[in-house]
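# Coordinate analysis (summary)
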Amino acid sequence: MVFTGRTHAIKRVQFGILSPDEVKAMSVCHIVSDRAFEGGRPVDGGLMDTKLGSIDRDMACTSCGMSSDDCPGHFGHIELAKPMYHLSFMNTVLKTLRCVCHSCSAILGAVPEDTDKSTYAKYQAAIKKKNPSLRLRAVMEIGKSKSSCWSCTADQPKIKRDGLTLAAEYDKASDEHEKKFEMTAMKAHTILKNISDEDCKKLGFDPTFSRPDWMLITVVPVPPPQAPPAPARRARPRPRPPA
């Protein structure tokens, strides 16, 4: 058989981060219980809720009505009590936090021209970079040296990565803050969430596909019971080299 239909060339592939709202929208069940079974039956709102799909031949899926042989399974979700850092995005979160004010979330380098012409010129050159990664780095290099915000005058800490956490340090302690403290995921999420969509674009993000606050975990997708974790494979012993 020869295909004679019309073909289309792929111009680009768009990658992004699932937002919390998208995870909830594709979910069929909000998981609220750590119990899977009670009295031999799946617990509603548990990890084996029949809305996620059924693996029991005597039970049908309550989402699609199909049997365990035909139901492909459906995703659920868990809403975390507090945000968590995502290991894969830790460095990008750190760079973004160095770019913005920790009080009003304004970009620290976006000073008015009549206030600081040198910083204004550097910032305008930085946001014109086409590569999003280079744009974020360029804006970070301007903002990380600022000790106060041009917009709200709040003091700004220096931030660095400390293993799986972020450590922050002000020049000196005050009544409002300690000199050294841990930048918790909740605090980081609040700062990033308050960044406007316009400023997101200037930092190299496309707010339609990947906002900075989406890089922290607030909602976790729960796979259906039809997709269990793969069994661990035993490592084969390596042959000893000849004596």
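Residues numbered from 1 in each chain as written. Predicted model: local features only at pLDDT ≥ 70, side-chain atom pairs only at ≥ 80, totals over all residues. Heavy atoms only, no water.

### Concerning the overall build of the protein
Worth spelling out the cut-off: The way it works is that DSSP assigns letters per residue, a run of H or I at least four long becomes a helix, a run of E at least two long becomes a strand, and they are numbered from the N terminus. Based on C-alpha atoms, the radius of gyration is set beside the globule rule, defined as 2.2 Å times the residue count to the power 0.38. Relative accessibility decides the category of a residue: with a 1.4 Å probe and only protein chains considered, values under 20% of the type maximum give buried, values over 50% give exposed, and everything between is partly exposed. The contact criterion used throughout is that any non-hydrogen atoms of two residues lie within 4.5 Å. Note that accessible areas follow from Shrake-Rupley with a 1.4 Å probe, and for residues the cover is restricted to the protein chains shown. By the counting rule applied here, Lys and Arg register as positive and Asp and Glu as negative, while His and the ends of each chain are not counted. Just so you know, the charge point we use is NZ for Lys, CZ for Arg, CG for Asp and CD for Glu.
The secondary structure content of the protein amounts to six helices and seven strands. Helices and strands in the protein line up, N terminus first, as α-β-β-β-α-α-α-β-β-β-α-α-β. Computed over its C-alpha atoms, the radius of gyration of the protein comes to 25 Å, more than 25% above the 18 Å expected for a compact globule of 243 residues. In the protein, buried positions account for 36% of the 243 residues. For the protein, contacts bridging at least 24 residues in sequence account for 57% of all contacts bridging at least 6. Roughly 16,400 Å² of accessible area belongs to the protein as shown, and the carbon and sulfur atoms make up 52% of that amount. Computing the positive centroid from 36 side-chain charges and the negative centroid from 28, the protein places the two 10 Å apart.

### A short note on the pattern of salt bridges
Heads up, the rule is: Each reported salt bridge corresponds to a side-chain nitrogen of Lys or Arg within 4 Å of a carboxyl oxygen of Asp or Glu.
Inspection of every chain in the model, using the stated rule, returns seven salt bridges. A salt bridge links K24 to E79, with the nearest nitrogen and oxygen atoms 3.8 Å apart. Of this pair, K24 sits in helix α1 (residues 20-25) while E79 is found in strand β3 (residues 76-85), placing the two residues 55 residues apart along the sequence. Judged by its relative accessible area of 34%, K24 is partly exposed. Between R211 and D213 there is a salt bridge, with the nearest N and O atoms lying 2.8 Å from each other. For the pair shown, R211 and D213 are each scored as buried. Salt bridges linked by common partners bring D197, R211 and D213 together as one network.

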